[in-house]
Amino acid sequence: LPEEIEPDIVLISHAHYDHLDVKTIKRLKGTPVFIVPEGCREVIPEGKGEVVELFDFESTGVGNVRILKVPALHNRGRNLKFPNTGVGGYIFEVGERVFYFAGDTAFSEELYLKVKESVKRIDFAMLPIGGFMPKPFHRFHQTPEEALRGFKILGASHFIPVHWGTWHAFPGYVRKEKPLSRLKHSAYVS
């Protein structure tokens, strides 16, 4: 439960309701530093903590954590009140470990090459594998097979699949997509 944790840093990839839930933020203990894409500052409830807004390839530091915002291929905006909120992923370094959190993104070899060029190495790649059905959603979400291709382009040491099995705009697709079994099959045959 949100009220059971007191994070130091909260990374927000974009302002869609399934990634930036204001009610959940209000329930968090403490006053973390929120790292958000451009245009998302106004969505974070006032008084909840410091908000750092970043554009692509801008970086910041929080304590001993270095954070770089990188692009993502996803639809912008939250609603009519916040139509221009940005999207992105993050590369962050904690000690000697380098993490890449892609946020929501469609697949692009060019995108993954840009991310790879922006950092010395990636130890853990957190890549989305769900939300690609029905077909129009594929414009904004990659398939598990594409995520595996992205992982290989990045040359990361470890793959952590994210954005699957918990929520979907059309709930029936949570089971229909079968992202984890597709990822396992794709990894086995490649």
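Coordinates for the structure precede this section.
Residues numbered from 1 in each chain as written. Predicted model: local features only at pLDDT ≥ 70, side-chain atom pairs only at ≥ 80, totals over all residues. Heavy atoms only, no water.

Student: Provide a residue-level description of the packing of helix 2 (residues 109-117) against helix 3 (residues 144-154), including the pertinent values.
Tutor: Here helix 2 crosses helix 3 at 35 degrees, and the two axes come no closer than 9 Å. Here helix 2 runs over helix 3; the crossing is right-handed. Along its contact with helix 2, which presents Glu109, Tyr112, Leu113, Val115 and Lys116, the element helix 3 presents Arg149, Gly150, Ile153 and Leu154. For the contact of helix 2 with helix 3, the residue count by class is five nonpolar, one polar and three charged. (Axes fitted to C-alpha atoms, helices over the stretch in contact; angles between N-to-C directions. Helix = DSSP H or I, 4+ residues; strand = E, 2+ residues; numbered from the N terminus. Left-handed = near helix turned anticlockwise from the far one by under 90°. Contact = heavy atoms within 4.5 Å. Nonpolar A, V, L, I, M, F, W, Y, C, P; charged D, E, K, R; others polar.)

Student: Lay out the sheet that holds strand 4 (residues 59-62) with the relevant residues and their values.
Tutor: Within the open sheet, the six strands sit side by side as 4-5-6-7-8-9. Their pairing is mixed. Strands at the two margins of the open sheet, each flanked by one partner only, are strand 4 and strand 9 (158-162). Here the average twist between neighbouring strands, direction ignored, is 20 degrees. Sheet strands in contact with helix 3 are strand 7 (97-101), strand 8 (124-128) and strand 9, and its direction is about 155 degrees off that of strand 8. (Pairing = 2+ DSSP bridges.)

Student: Please set out the pairing of strand 9 residue by residue, giving values where relevant.
Tutor: Relative to strand 9, strand 8 runs parallel, the two being bridged by five bridges. When the bridges of strand 9 are listed, Met126 appears paired with Ile160.

Student: Before we move on, can you summarise helix 2 with the specific residues and values?
Tutor: All of the buried residues in helix 2 are Leu111, Tyr112 and Val115. Buried positions in helix 2, seen along its axis, are confined to an arc of 95 degrees and lie on one side of it. Turned more than 90 degrees from where helix 2 packs its buried face, Glu110 and Glu117 sit exposed. Looking at the packing, one finds that the buried side of helix 2 touches strand 5 (65-70), strand 6 (89-94), strand 7, strand 8 and helix 3. Two or three places before Glu110, at the opening of helix 2, Ser108 has a side-chain oxygen 3.3 Å from that residue's backbone nitrogen. (Buried < 20%, exposed > 50% of the residue type's maximum accessible area, 1.4 Å probe, protein only. Arc of directions from axis to C-beta. Polar contact = N/O pair within 3.5 Å; in protein donor to acceptor, adjacent residues only side chain to side chain.)

Student: Describe the pattern of salt bridges, listing the residues and the values that go with them.
Tutor: One pass over the full model with this rule turns up eight salt bridges. Of the charged contacts, one joins Glu38 and Lys69 as a salt bridge, the two residues approaching to 3.6 Å between their closest N and O atoms. Linking Glu38 in the loop between strand 2 (33-37) and strand 3 (51-54) with Lys69 in strand 5, this pair joins segments that are 31 residues apart in sequence. We note that Glu38, like Lys69, is buried. Notably, a salt bridge pairs Glu145 with Arg182, separated by 2.8 Å at the nearest N-O pair. In this pair, Glu145 is assigned in helix 3 and Arg182 in helix 5 (residues 179-189), connecting sequence segments 37 residues apart. (Salt bridge = Lys/Arg side-chain N within 4 Å of Asp/Glu carboxyl O.)

Student: Hey, could you go over the side chain of Thr105 for me, with residue numbers and the actual values?
Tutor: Note that Thr105 resides in the loop between strand 7 and helix 2. Accessibility expressed as a relative area gives 1% for Thr105, which makes it buried. Here the side chain of Thr105 touches Leu73 through a polar contact of 2.9 Å, landing on its backbone nitrogen. Thr105 has contacts with Ala72, Leu73, Leu111, Tyr112, Pro128, Phe140, His141 and Gln142, leaving out every residue within four places of it along the chain.

Student: Go over the environment of Leu20, please, and point to the residues and values.
Tutor: The residue Leu20 is located in the loop between strand 1 (9-11) and helix 1 (22-27) in this model. For the pair formed by Leu20 and Cys40, sequence separation is 20 residues and the distance between their alpha carbons is 9.4 Å. In contact with Leu20, other than residues within four places in its own chain, are Ile12, His14, Ala15, Ile25, Val43, Ile44 and Arg78.

Student: Any details on the sheet that holds strand 2? Residues and values, ideally.
Tutor: In space, the three strands of this open sheet follow the order 1-2-3, with parallel pairing throughout. The open sheet has two free edges, formed respectively by strand 1 and strand 3, since each of these has just one partner strand. On average, adjacent strands in this sheet sit at an angle of 20 degrees to one another, irrespective of strand direction. Here strand 1 runs beside strand 2; their pairing, made up of three bridges, is parallel. Within strand 2, the residue paired with Ile9 across the bridge is Val33.

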